[in-house]
There are 2 protein chains.
Amino acid sequence: MARLKDIAEASGVSIRTVGRALKGAGYVHKDVRERVLASAKELDYRPHRLARSLRTGRSHEVLVLAGGIGGQRDELHIAKIAGMERALRAGDMALGLLFGLEDQARRQNRDLLDELISRRPGGIALFPGDGPQAKPAARRLEVGGVPYIFLDHPDRDVDAVRHDRQQGVHEAVTYLASRGRKRIAYVGVIDERSRLDGYERTMRELGRPPIIVPMPKPTWEDGRKAASAVAALDPRPDAIMGYSDIVALGILAGLHELGIKIPAEIAVIGFDDRMAASLSFPPLTTVQQDNDALGVAAAEVLLAKVRGDPPPAGGWSRLLPTRLIVRAST
Amino acid sequence: MARLKDIAEASGVSIRTVGRALKGAGYVHKDVRERVLASAKELDYRPHRLARSLRTGRSHEVLVLAGGIGGQRDELHIAKIAGMERALRAGDMALGLLFGLEDQARRQNRDLLDELISRRPGGIALFPGDGPQAKPAARRLEVGGVPYIFLDHPDRDVDAVRHDRQQGVHEAVTYLASRGRKRIAYVGVIDERSRLDGYERTMRELGRPPIIVPMPKPTWEDGRKAASAVAALDPRPDAIMGYSDIVALGILAGLHELGIKIPAEIAVIGFDDRMAASLSFPPLTTVQQDNDALGVAAAEVLLAKVRGDPPPAGGWSRLLPTRLIVRAST
DNA sequence: TTGTATGCGTTATCAA
DNA sequence: TTGATAACGCATACAA
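Counting from 1, residues in each chain are numbered in the order their sequence is written. Following the order in which they are written, the chains are lettered starting with A and the ligands numbered starting with 1. With pLDDT at 70 or above as the cut-off, local features in this predicted model cover only qualifying residues; side-chain atom pairs require 80 or more to be listed or tallied, and sums for whole chains, interfaces and linings still use all residues. As a convention, hydrogens and water are excluded, and side-chain values are obtained from all of the structure's heavy atoms.

With that out of the way, let us pick up the overall build of chain A. A run of H or I in DSSP counts as a helix once it spans at least four residues, and a run of E counts as a strand once it spans at least two, with each numbered from the N terminus. The helix and strand inventory of chain A stands at 13 helices and twelve strands. What you see for chain A is a C-alpha radius of gyration of 26 Å, clearly larger than the 20 Å of a compact globule of 330 residues, by over 25%. In terms of overall dimensions, chain A has C-alpha extents of about 90 × 40 × 35 Å along its principal axes. With 330 residues in all, chain A has 55% of them scored as buried. The contact rule is simple, with two residues in contact once any of their heavy atoms fall within 4.5 Å. Here the analysis covers contacts within chain A between residues at least 6 apart in sequence; of these, 70% occur between residues at least 24 apart. We take the radius of gyration over the C-alpha atoms and set the globule estimate at 2.2 Å times the residue count to the 0.38 power. Burial here depends on accessible area, computed with a 1.4 Å probe over protein chains only, as a share of the maximum for the residue type. Under 20% is buried, over 50% is exposed, and the range in between is partly exposed.

Attention now goes to the interface of chain A and chain B. Each partner contributes to the interface: chain A provides 51 residues, whereas chain B provides 51 residues. Buried area: the accessible area, evaluated with a 1.4 Å probe, that two parts lose upon being put together, summed over both parts. When chain A packs against chain B, the two sides together hide about 4600 Å² of surface, and 68% of this comes from carbon and sulfur. When the buried surface of chain A facing chain B is broken down by residue, I78, R120 and L279 of chain A rank first, second and third, together holding 15% of it. Within this document, salt bridges are pairs made up of a side-chain nitrogen of Lys or Arg and a carboxyl oxygen of Asp or Glu, the two lying within 4 Å of each other. Taken together, the connections running from chain A to chain B amount to two salt bridges. Here R46 of chain B and D114 of chain A are joined by a salt bridge, their closest N and O atoms 3.9 Å apart.

With that settled, the discussion passes to the nonpolar core. As used here, the term nonpolar core means buried Ala, Val, Leu, Ile, Met, Phe, Trp, Tyr and Cys residues forming a set that is joined through side-chain atoms within 4.5 Å. Residues V187, M241 and V268 of chain A together with V187, M241 and V268 of chain B are the most contacted members of the largest nonpolar core, which totals 90 residues. The residues contacting V268 of chain B, other than those within four sequence positions of it, are I240, A248, I251, L252, L255, I262, L284, T285, S329 and T330 of chain B. Counting 58 residues, the second largest nonpolar core, distinct from the first, contains I78, A87 and F127 of chain A together with I81 of chain B.

Residues and elements named next belong to chain A. With respect to the helices, strands and loops of the structure, S39 is situated in helix α3 (residues 30-42). Residue classification places S39 among the buried positions, given a relative accessible area of 11%. When sequence neighbours within four positions are dropped, the list of residues in contact with S39 reads I7, A10 and S11.

Another aspect to go through is the protein's contact with DNA strand D. Think of it this way: one heavy atom of a residue within 4 Å of a molecule or strand is enough to make that residue near it. The environment of DNA strand D is made up of 22 residues, and the closest members are T17, R20, Y27 and H29 of chain A together with R55 of chain B. Taking the atoms of DNA strand D that fall within 4 Å of the protein, sugar and phosphate contribute 62% of them. The separation between a phosphate oxygen of DNA strand D and a polar main-chain atom of H29 of chain A is 2.7 Å. Throughout this description, a polar contact denotes any pair of N or O atoms lying within 3.5 Å of each other; where both atoms belong to protein, one of them has to be capable of donating a hydrogen while the other can accept it, and for residues adjacent in sequence the pair is counted only when both atoms sit in side chains. Side-chain polar atom of R55 of chain A to a base nitrogen of DNA strand D: 3.0 Å apart, as the coordinates give it. Of all the secondary structure elements, the ones that give two or more residues to the surface near DNA strand D are α2 (15-23) and α4 (49-56) of chain A together with α2 (15-23) and α4 (49-56) of chain B. Counting residues per element, the surface near DNA strand D draws most heavily on α4 of chain B, which supplies four residues. Amino acids outside the nonpolar list (Ala, Val, Leu, Ile, Met, Phe, Trp, Tyr, Cys, Pro) and the charged list (Asp, Glu, Lys, Arg) are all regarded as polar, and Gly is one of them. Taken together, the residues that form the surface near DNA strand D break down as nine nonpolar, five polar and eight charged.

Once that is clear, we can look at the relation of the copies chain A and chain B. Only residues with pLDDT of at least 70 in both copies count here: their C-alpha atoms drive the least-squares fit that superposes the copies. At an RMSD of 0.2 Å, chain A and chain B line up after a rotation of 180° and a shift of 0.0 Å along the axis. In short, the pair behaves as if placed about a two-fold rotation axis. A high fraction, 100%, of the interface residues of chain A reappear at the interface in chain B, so the copies pair face to face through one surface.

So, about the protein's contact with DNA strand C. Neighbouring residues of DNA strand C: 24 residues in total, closest R55 of chain A together with T17, R20, H29 and R55 of chain B. Here a phosphate oxygen of DNA strand C and a backbone polar atom of L4 of chain A are 2.8 Å apart. At a separation of 2.7 Å, a phosphate oxygen of DNA strand C approaches a polar side-chain atom of Y45 of chain A. Elements with a minimum of two residues in the surface near DNA strand C: α2 and α4 of chain A together with α2 and α4 of chain B. Per-element tally for the surface near DNA strand C: the top contributor is α4 of chain A, with four residues. When the residues that make up the surface near DNA strand C are grouped by side-chain class, the tally is ten nonpolar, five polar and nine charged.

Right, let's talk about the packing of aromatic side chains for a bit. For this analysis, a ring pair means two rings from Phe, Tyr or Trp (six-membered ring only for Trp) whose centres lie within 6.5 Å, classed as stacked if their planes differ by under 30 degrees, edge-to-face if by over 60, and tilted for the remaining angles. If you walk through the whole model with that rule in mind, you get four aromatic pairs over all chains. Plain terms: the ring middles of Y186 of chain A and Y199 of chain A are 5.3 Å apart, the flat faces sit at 35° to each other, and that makes the pair tilted. Here the residue Y186 of chain A occupies a position in strand β6 (residues 184-188), and Y199 of chain A occupies one in helix α9 (residues 193-206), the gap between them amounting to 13 residues. For the pair Y186 of chain A and Y199 of chain A, a shared accessibility class is recorded, and that class is buried. Each ring, one from Y148 of chain B and one from F150 of chain B, has its centre 5.7 Å from the other, and the planes form 80°; the classification is edge-to-face. Its relative accessible area of 2% is what places Y148 of chain B among the buried residues. By definition, being over a ring means that NZ of Lys or CZ of Arg is both within 6 Å of the ring centre and within 35 degrees of the ring normal. Over the ring of Y243 of chain A we find R195 of chain A; its NZ or CZ atom is 3.9 Å from the centre of that ring. Its end group placed over the ring of F271 of chain B, R195 of chain B keeps NZ or CZ at 4.9 Å from the ring centre.

Here we take up the sheet that holds strand β9 (residues 267-272) of chain B. Residue and element names in this part refer to chain B. Two strands pair if DSSP finds at least two bridges between them. Within the open sheet, the six strands sit side by side as β7-β6-β8-β9-β10-β12. Their pairing is mixed. Edge strands, defined here as strands with exactly one partner in the open sheet, are β7 (211-214) and β12 (322-325). Going from strand to strand, the sheet's axes swing by 20° on average, the running direction of each strand aside. For every element, the axis is a line fit to its C-alpha atoms; helices are fit only across the contacting stretch, and the angle between N-to-C directions ranges from 0 to 180 degrees.

Along the chain, the position of R274 of chain B falls in the loop between β9 and α12 (275-278). Note on R274 of chain B: relative accessible area 6%, which makes it buried.

Here we come to the environment of F150 of chain B. All names here are of chain B. Among the secondary structure elements, F150 is positioned in strand β4 (residues 148-151). Given a relative accessible area of 3%, F150 falls into the buried group. For F150 and K41, which are 109 residues apart along the polypeptide, the C-alpha to C-alpha distance reads 40 Å. When near neighbours in sequence (up to four residues on either side) are disregarded, F150 contacts L126, A134, A137, A138, V158, D159, A160 and V161.

For the rest of this paragraph, the subject is the sheet that holds strand β12 (residues 322-325) of chain A. Residue and element names in this part refer to chain A. Pairing is mixed in the open sheet, where six strands are placed in the order β7-β6-β8-β9-β10-β12. Edge positions in the sheet fall to β7 (211-214) and β12, since each has one partner strand and no second. The mean angle between the axes of side-by-side strands here comes to 20°, regardless of whether they run parallel or antiparallel. Against the sheet, helix α11 (residues 245-257) contacts β6, β8 (239-242), β9 (267-272) and β10 (285-289), and its axis sits at roughly 155° relative to β9.

Close contact between α4 of chain A and α4 of chain B brings their axes to 9 Å; oriented N to C, the two are set at 130°. With respect to α4 of chain B, the element α4 of chain A is oriented oblique. Here the hand of the crossing between α4 of chain A and α4 of chain B comes out left-handed. Judged by residue contacts, L50, A51, S53 and L54 of chain A of α4 of chain A engage L50, A51, S53 and L54 of chain B from α4 of chain B. Each residue belonging to the contact of α4 of chain A with α4 of chain B can be placed in one class, and the counts come to six nonpolar, two polar and no charged. An angle below 35 degrees is read as roughly parallel, one above 145 as roughly antiparallel, one from 65 to 115 as roughly perpendicular, and any other as oblique. Put simply, a crossing is left-handed when the front helix is turned counterclockwise from the back one by less than a right angle, and right-handed when it is turned clockwise.

Any functional reading would require information that these geometric values do not contain.
Put into structure tokens, the structure is as follows:
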């Protein structure tokens, strides 16, 4: 593979001149520049990124730490990563990917952060559910001078790009009301505030009492069980705002078992717009999060941090809008 | 960050000695070695991978080209990538990830392969659906001396790790027969041979005539429509082997609309074990492909190629078994 | 058993 | 406007 030296010899100038000509900066005679560029093209020159990084001390790689338990193989990750990669590549950065370890290996996950830093990346993007807790990890990265961004991490104290879940639920519940639903229940775990806050706020706006059916874990099975609980309420709700698509699909299954017609008797809305939401019976209305856009936003923050841009007023964190996808379950 | 030089100064020896001591090869006095190792630990020494690679000419990175149209955000990719990453890391290799471009940018995808090669990776893993066609891409990589592996690519002429789809269908259809199903239909696109071959072979084994319901595209909507076609057959099939989970879930929806009971009247099996398969009503019996294992296998082939191992008898390609996951749809 | 010196390909310093 | 040359951190041929 062609080096600067090869181009220099081919075009009869020094290496330094080749460097200037290719970079486009500094004084280079027009004729010389053209000659050099021609040689470079001819030899199919590609800069050796390693050598460049070694010399400048600037990394052209962003490391992404994905995974941890459960989330490790989450389909929603891939779109975020794809968005990041595209935006990073446009900014002349490559993306390196690592996965966290299982739960029992917490200590090894701490070491993992060390390893990430020791690879001297230009920046680090972290998914929630990784070994190290968010705040200590962020502090460690700040101390180490490594630009970082969290993706969709609930902890407000760290720089993160997030989806506006509260707004998503607000739009969904408002939509249910606009379609004439009178008794809209919320089914979900109650320790996740953003969605629940969105629901309660909206019900207040609508002047209606909230109907909250708590569940221990946001699983399909608990969703299925919750369907019975909802159906047993008197008066019975005519709409359900589910915590997630997984929960909502469990609710769908539970309602089917009870012989309850969807959406005629009860409408159901999910959250996430997983692939499964478009493949259910009936296809599930849901709140879509633009994961590609989230990845792009994360990359943009990282690129800005790498460039040394000053943090914008209000900090680096960004909140992205969500969108209601209406399907046949409402 | 500590360099070899720092350790050398701290322990009062030369850089060369530090190198030998850390590597564990060559003659180093025991006391000296201990002193050096202690300093290294104290200073938290981490080798600078870039410098090492630049010097040795050996890359410690494998690039993964994922994506292309449609498949770009496929949830099944993430498990493969995770498996690869884990296995690569164990082999002291890092994973770099790139995504192909949309269909209209075919020419740019050709350039993409150039870019991959020009980054001088230790190896390259390619997902199907990428811009360059498999055979020319493989030849280009072979000429360039870059070890490669395709993941689940149908083209038999390239080195690839694949799932044994034929075997998966065989197991599924055999299972249906063992559960007393008499008329087992196959619903799918007929230009994909491996699954169809598995079905036809099994029906032959069972001494039954095949019932093939072709569909134009393997989509949920076409699956839904195919359900009517199946239901209209006389005699009506009592089991359906679906081309994929997406198709099978469409079939489920179509059967629900017709008021046909699943699995009492018709059993349904899918293929892929997507997340959606476990979230449907009823949960879908399906053929699981161990994508994590596929990623691991791909990494192993790549690591062997990088080491310069001779190709095993029968070539580098590997075929991985699939597994039937029985749920409530059968 | 240990040390010196060189080069990987690039960028940057400084002089010409 | 251009060219020698040093340096990034590591690995290794060669000398001691």
